[in-house]
Amino acid sequence: VAGELWIGGLGVVRGYHERPELTAERFVADPFRGGDHRMYLTGDLARWREQADGSGLLEFLGRIDHQVKIRGYRIELGEIEAQLGRCPGVRECVAAVREDSPGDQQLVAYASASAGATLDAAELKDRLRSVLPDVMVPGHLVLLADLPHTPNGKIDRNALPSLGDLARRDSASPAAEASNETERLVLSVWEETLGRSGIGIDDNFFDIGGHSLLIVRMHRRLKELLERPIALTELYRHPTVRSFSDSLSGDGGASLRQASADRAARRRENLQRRRVRSS
C-alpha cells in the first residue's frame, strides 16, 4: 500500500529556520510515542515491499504532490523528471504544471546542463517523445544555467520562471513590431489570447505559451474580427503574426482593411440612428 513517508526518531530536527508556518505544517506530533516527540512529513510517496529473504524494502515512488491532471489526463511529474534526467548532459531537471493565466494549465520542464555540456531543447523533447506518452511530453522545455533551490537544497518550484518572464528575458533583440493594419489586429488577438503584451510578430505562438485549447479560442476571436472564414489548420501552419497575416490574402491586407472600414461604417450608422431616436 502506497502512502506518505513520515520520519521519526532522534534524526528529526526542530524545524525550518525562521519559517514557523512551514515548520507547523511539516513537523507534527508523533502519534506513536506522544509527549514532545515529533515526526517529519516528507511529502514523499513510498511503500514497503517484501524481499525474497523476508526482509523489508522501502520503495520510493515519487512526490505525493507531483501527480497532476491536465485536460483529463493523469500525469506523473516524477516519471518525466526521471526520463529527462537520463538524457546526456542534463545535470538537474524538474517538471511542473504552470498556470500563469487562470484556467490555462501547461506542462513545462526545466533543465540545466552538466559542466561542459550543451543542451538543445528540441533534441531533449524528441528523446522524451521516444519514451513517454504524448500527453506526458512537456509543451515547453526551458533551459536554465542553474535551477533555483530552497535553503535545504531542494529545487524551489515556486521560484521557477514563468513562460512570460522567460520570453521577455531571453529575447536577444527587441520584439519585431507590426508594420500594417493586418499585423496590428492579429497581434492584438495574439496578446489577448495569451494574456500578455510585448509579443513580436515573429514569435511562435506555441513557443510563448500557446497550446491547442488557446488556439481554438484565438481562432474563434479572429473569425469574429475578420468576418471571414478561417481554417483552424491555418493557425498551425502559420504560427507567427507575420506569417499568418501574410496568409490572409495576397493583396497586402486589402480585404482586412475593407472589413475594418465596413465595421467602422456600421458603427457610424448605428450611432447616427441612436442620435436620431434620442432627438
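See above for the structure.
Just so it is clear, the model here is predicted, and its values are computed rather than measured.

We now examine the packing of helix α5 (residues 181-194) against helix α6 (residues 212-226). Between α5 and α6, whose axes approach to 10 Å, the crossing angle comes to 145°. In this structure, the crossing between α5 and α6 has a hand that is right-handed. Contacts from Leu185, Val186, Val189, Trp190, Glu192, Thr193 and Leu194 in α5 reach Leu214, Arg217, Met218, Arg221, Leu222, Leu225 and Leu226 in α6. Tallied by class, the residues present in the contact of α5 with α6 amount to 10 nonpolar, 1 polar and 3 charged.

At 3.6 residues per turn, the α-helix brings residues three or four places apart onto the same side. For helix α2 (residues 77-85), the complete set of buried residues consists of Leu77, Ile80, Glu81, Gln83 and Leu84. On an axial view of α2, the arc spanned by its buried residues comes to 165°, and they lie on one face.

So, on to the pattern of salt bridges. With the rule as written, the count across this model stands at 12 salt bridges. Arg33 serves as the salt-bridge partner of Asp30, at 3.0 Å between the closest nitrogen and oxygen. Under the relative-accessibility criterion, Asp30 is labelled buried at 6%. Look at Arg33 and you get partly exposed, because its relative accessible area is 42%. Residues Arg127 and Glu123 are paired through a salt bridge, measuring 3.9 Å at the closest nitrogen-oxygen approach. Separated by 4 residues within a single helix, Arg127 and Glu123 lie in helix α3 (residues 121-131), roughly one turn from each other.

This part takes up the packing of aromatic side chains. A ring pair, where both rings are aromatic, is described by two values, the distance of the centres and the angle of the planes. Following the criterion strictly, the structure yields 4 aromatic pairs and no others. With 5.8 Å between their ring centres and 75° between their planes, Tyr16 and Phe27 make a pair best called edge-to-face. Highlighted residues: Tyr16 in the loop between β1 (3-7) and α1 (20-26) and Phe27 in strand β2 (residues 27-29), separated in sequence by 11 residues. Geometrically, the ring pair formed by Trp190 and Phe244 is tilted, given 6.1 Å between the ring centres and 45° between the ring planes. Note that Trp190 is positioned in helix α5 and Phe244 in helix α8 (residues 241-248), a separation of 54 residues in sequence. For the pair formed by Trp190 and Phe244, the shared burial category is buried. Taken together through their ring pairs, the aromatic side chains of Tyr16, Phe27 and Tyr40 make up a single cluster.

What counts and how
What you see as residue numbers is a count from 1 along each chain, following the sequence as written. Only residues with pLDDT of 70 or above have their local features reported here, since the model is predicted, and side-chain atom pairs are shown and tallied only from 80 upward, although totals for entire chains, interfaces and linings are computed over all residues. Side-chain metrics in this entry use all non-hydrogen atoms of the structure; hydrogen atoms and water are not considered. Here an axis means a line fitted to C-alpha atoms, over the contact stretch when the element is a helix, while the angle between two N-to-C directions is reported on a 0 to 180 degree scale. Per the convention used, a helix needs a DSSP run of H or I reaching at least four residues, while a strand needs a run of E reaching at least two, with both numbered from the N terminus. Less than a right angle of anticlockwise turn of the near helix away from the far helix marks a crossing as left-handed, whereas a clockwise turn marks it as right-handed. Any two residues having at least one pair of non-hydrogen atoms within 4.5 Å are treated as being in contact. As a working rule, the residues Ala, Val, Leu, Ile, Met, Phe, Trp, Tyr, Cys and Pro are called nonpolar, Asp, Glu, Lys and Arg charged, and the rest polar, with Gly in that last group. Type-normalised accessible area, obtained with a 1.4 Å probe on protein chains alone, sets the label of each residue: buried when under 20%, exposed when over 50%, and partly exposed for intermediate values. Think of it as the arc spanned by the lines of direction from the helix axis to the C-beta atoms. What makes a salt bridge here is a side-chain nitrogen of Lys or Arg within 4 Å of a carboxyl oxygen of Asp or Glu, nothing more. Between the rings of Phe, Tyr and Trp (Trp by its six-membered ring), a pair exists once the centres lie within 6.5 Å; its type follows the angle of the planes, with under 30 degrees stacked, over 60 edge-to-face, and the other angles tilted.

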